[in-house]
Each structure stands twice: as C-alpha cells, then as structure tokens.
Amino acid sequence: MIWALVPAAGSGRRFGGDVPKQYLHAAGKPLIGHALEALLAHPQMDGAVVALAADDPHWPGWTTLHGKPVVTCVGGLERADSVLAALYALPENVAHDALLLVHDAARPNVRGCDLSTLIAAANAQRDGAILAAPVRDTLKASDADHRIEATVPRAGLWRALTPQAFRRDLLQRALQAAQAAGVTVTDEAMAVERLGLHPVLVEGREDNLKVTTPADLALVEFLLARAA
Ligand SMILES: Nc1ccn([C@@H]2O[C@H](COP(=O)(O)OP(=O)(O)OP(=O)(O)O)[C@@H](O)[C@H]2O)c(=O)n1
Ligand SMILES: C[C@](O)(CO)[C@H](O)COP(=O)(O)O
C-alpha cells in the first residue's frame with residue numbers, strides 16, 4: 001500500500017495575492033488538482049491525505065480522485081507540521097510500514113515516470129528516496145551586500161524536489177524527533193538525515209517545478225498546457 005501526504009496549508013507569502021498559490025489555476029484547473037491527479041493516476045498509489053489550512057474556503061471538497069480516497073486534515077504552522085498532521089490522519093487500514101510519498105501541492109507538474117522510479121528506489125532500501133535534480137549552474141556564496149565571497153563547487157550538489165518517499169514508521173519517527181528538538185526541517189529527507197540515515201537521490205525531471213513566485217506560474221502554465 002502506498003499513500004501520498006500532500007502539504008497544502010501554506011499561505012503563499014512569497015507569491016503574494018489573496019488566494020493561496022496551490023489554488024491558482026493553470027491549464028484549466030488548480031495547481032493542487034494537477035498534483036493530486038498526477039499522484040492518484042499512478043497505478044501504485046492507493047490514496048492521499050491533504051493537509052489544509054484551518055477553515056480553508058478554497059478546498060474543492062474532493063473525497064475521491066481516480067477512484068481513490070482523498071482524506072483531509074488541518075495542517076500546522078510549518079510545512080513539516082502539516083506533513084506530520086497528514087501522517088496522523090492516515091486511515092486505520094494503512095500499515096505502519098506502508099510507503100508514503102510526500103509531495104508539495106505547489107508542484108503540479110510531477111509525472112508518472114518519476115513516481116515509478118522513485119517508488120522502485122524507495123522499495124529497494126530502507127532509508128528512503130527523494131526526487132532531486134543535479135545543480136547545473138555555477139553557484140556563488142555572497143556576503144550580506146550580495147558581493148561574491150566564493151564559488152561553491154557544484155559536484156555532488158542537488159536540488160531536492162518532491163515527492164520524497166519513506167516508510168510510515170521511519171517518517172513519523174524522524175519528523176517527531178525534529179519537532180521535539182525544535183528543528184524546523186525544510187524537507188522530509190532532512191529529518192531522516194538527522195537520524196544518521198542516508199536516503200537515496202533519484203534524478204527527476206527538471207520541470208517538476210514548485211510554484212513559489214508569480215514567474216513560476218507562467219512557466220508552469222506553459223508546461224501543463226503542453227503536457228495536456
Ligand atoms: N505551514 C505550511 C507551509 C507550507 N505548506 C505547504 O508546503 C508546500 C511547499 O511550501 P511553500 O512553497 O513554502 O508554500 P508556502 O508556505 O505557502 O509559501 P511561502 O513560504 O511563500 O509562504 C506548499 O504546498 C504549501 O501549501 C503547508 O502545508 N503548511
Ligand atoms: C520540500 C521542498 O519542496 C524540497 O525542495 C522545499 O524544501 C520546500 O520549501 P518551502 O520553502 O517550504 O517551499
């Protein structure tokens with residue numbers, strides 16, 4: 001059994017505007033709709049838990065997509081809190097060693113081929129696996145005035161994407177440990193790394209973009225329309 005946990009309780013501060021970005025439309029449907037449909041269209045996926053802002057007026061109320069259950073819960077202050085809330089909201093019949101794929105609602109262009117390679121990698125070893133893209137640009141470190149201080153060697157550097165795939169019991173233990181330590185993790189792998197484990201990086205599509213600013217939306221609109 002494989003379930004998705006979809007953090008969708010953010011307010012989109014960097015994007016701006018009144019409507020949280022996960023509900024903005026591109027290629028005819030909200031970004032969250034594209035993300036959930038891509039996840040649940042995959043034959044190995046069994047359902048999804050979506051973490052929403054309290055009293056979210058935008059949630060369309062889906063209870064199934066592609067014939068698979070969609071469960072909702074109230075998210076938390078940070079993304080990691082929302083992921084943990086979604087984990088706690090998993091239905092009773094989801095086993096404690098079930099594989100969980102955590103995917104940003106703001107990443108609408110995830111593809112089935114990437115889901116298949118990620119699931120295979122996560123099933124092949126216990127530390128988990130994440131989609132990621134190798135850094136292709138030269139990286140610079142700067143001072144507070146944006147003056148270059150150094151060029152950062154990019155060999156072995158990756159951009160973490162989502163989904164990130166972990167066994168339920170491991171993910172719960174890792175997120176609870178980070179929360180108890182007062183550490184705000186920016187992705188699930190960071191919490192698992194804190195336990196001394198080494199999740200595997202699975203090269204994913206560069207166009208599995210997270211919509212963070214308005215410029216991202218225009219690009220995602222083009223990508224989704226082309227994929228339709
Ligand atoms: N407390 C939070 C914060 C974020 N998210 C979700 O985590 C994903 C990635 O987070 P991000 O892109 O940072 O979204 P926002 O937090 O909404 O953006 P910002 O940081 O600009 O406010 C998004 O789908 C967002 O809805 C969440 O579920 N709960
Ligand atoms: C989880 C993530 O998408 C991996 O790159 C990223 O860390 C989310 O960061 P955000 O600031 O919460 O968008």
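The structure presented is a predicted model; accordingly, all values stated were derived computationally and were not measured.

Participant: How should I be thinking about the site of ligand 1 in this particular structure?
Facilitator: Around ligand 1 lies a shell of 19 residues, among which Gly12, Arg13, Arg14, Lys21 and Ser82 are the nearest. One of the backbone N or O atoms of alanine 106 is found 3.4 Å from an oxygen atom in ligand 1. Burial of ligand 1 by the protein chains amounts to 92% of its free accessible area of 560 Å². Mapping ligand 1 onto the cavity grids shows that it belongs to the largest pocket. Only β1 (2-8) and α2 (79-88) provide two or more residues apiece to the shell around ligand 1. Tallied by class, the residues present in the shell around ligand 1 amount to 6 nonpolar, 6 polar and 7 charged.

Participant: I would appreciate a short explanation of the UniProt feature "site: Positions MEP for the nucleophilic attack" (unreviewed entry) in the protein chain in the present structure.
Facilitator: Cross-referencing UniProt, the feature "site: Positions MEP for the nucleophilic attack" (unreviewed entry) maps to Arg154 and Lys210 in the present numbering. Residues that both appear in the annotated list above and line the largest pocket are Lys210. Along the chain, arginine 154 turns up in the loop between β10 (148-152) and β11 (158-167). For arginine 154, the residues in contact, after removing those within four places along its chain, are Val135, Arg136, Asp137 and Thr138. Here lysine 210 is to be found in the loop between β12 (200-203) and α6 (214-227).

Participant: Sorry if this is basic, but what is going on with the sheet that holds strand β7 (residues 99-102) here?
Facilitator: The strands that make up a sheet are held in pairs by hydrogen bonds between backbone atoms, and each pair lies either parallel or antiparallel. With mixed pairing, 8 strands are arranged side by side in an open sheet as β5-β6-β4-β1-β7-β11-β8-β12. Across the chains shown, the open sheet's two edge strands, defined by having one partner strand only, are β5 (64-65) and β12. Across 2 bridges, β5 lies against strand β6 (residues 68-74) in antiparallel orientation. Within the sheet, the bridge partner assigned to threonine 64 lies in β6 and is proline 69. In the packing of α2 onto the sheet, contacts are made with β1, β4 (47-52), β6, β7 and β11, and the angle to β1 comes to roughly 140 degrees.

Rules behind the numbers
Residues numbered from 1 in each chain as written. Chains lettered and ligands numbered in written order. Predicted model: local features only at pLDDT ≥ 70, side-chain atom pairs only at ≥ 80, totals over all residues. Heavy atoms only, no water. Near = heavy atom within 4 Å. Polar contact = N/O pair within 3.5 Å; in protein donor to acceptor, adjacent residues only side chain to side chain. Areas by Shrake-Rupley, 256 points an atom, 1.4 Å probe, with all protein chains shown as cover. 1 Å grid on protein atoms, 1.4 Å probe; cavity = no way out; pocket = protein on both sides within 12 Å on 5 of 7 lines; lining within 4 Å. Sits in = over half its atoms within 2 Å of the grid points. Helix = DSSP H or I, 4+ residues; strand = E, 2+ residues; numbered from the N terminus. Nonpolar A, V, L, I, M, F, W, Y, C, P; charged D, E, K, R; others polar. UniProt positions renumbered as here; feature names shortened; annotations may be inferred. Contact = heavy atoms within 4.5 Å. Pairing = 2+ DSSP bridges. Axes fitted to C-alpha atoms, helices over the stretch in contact; angles between N-to-C directions.

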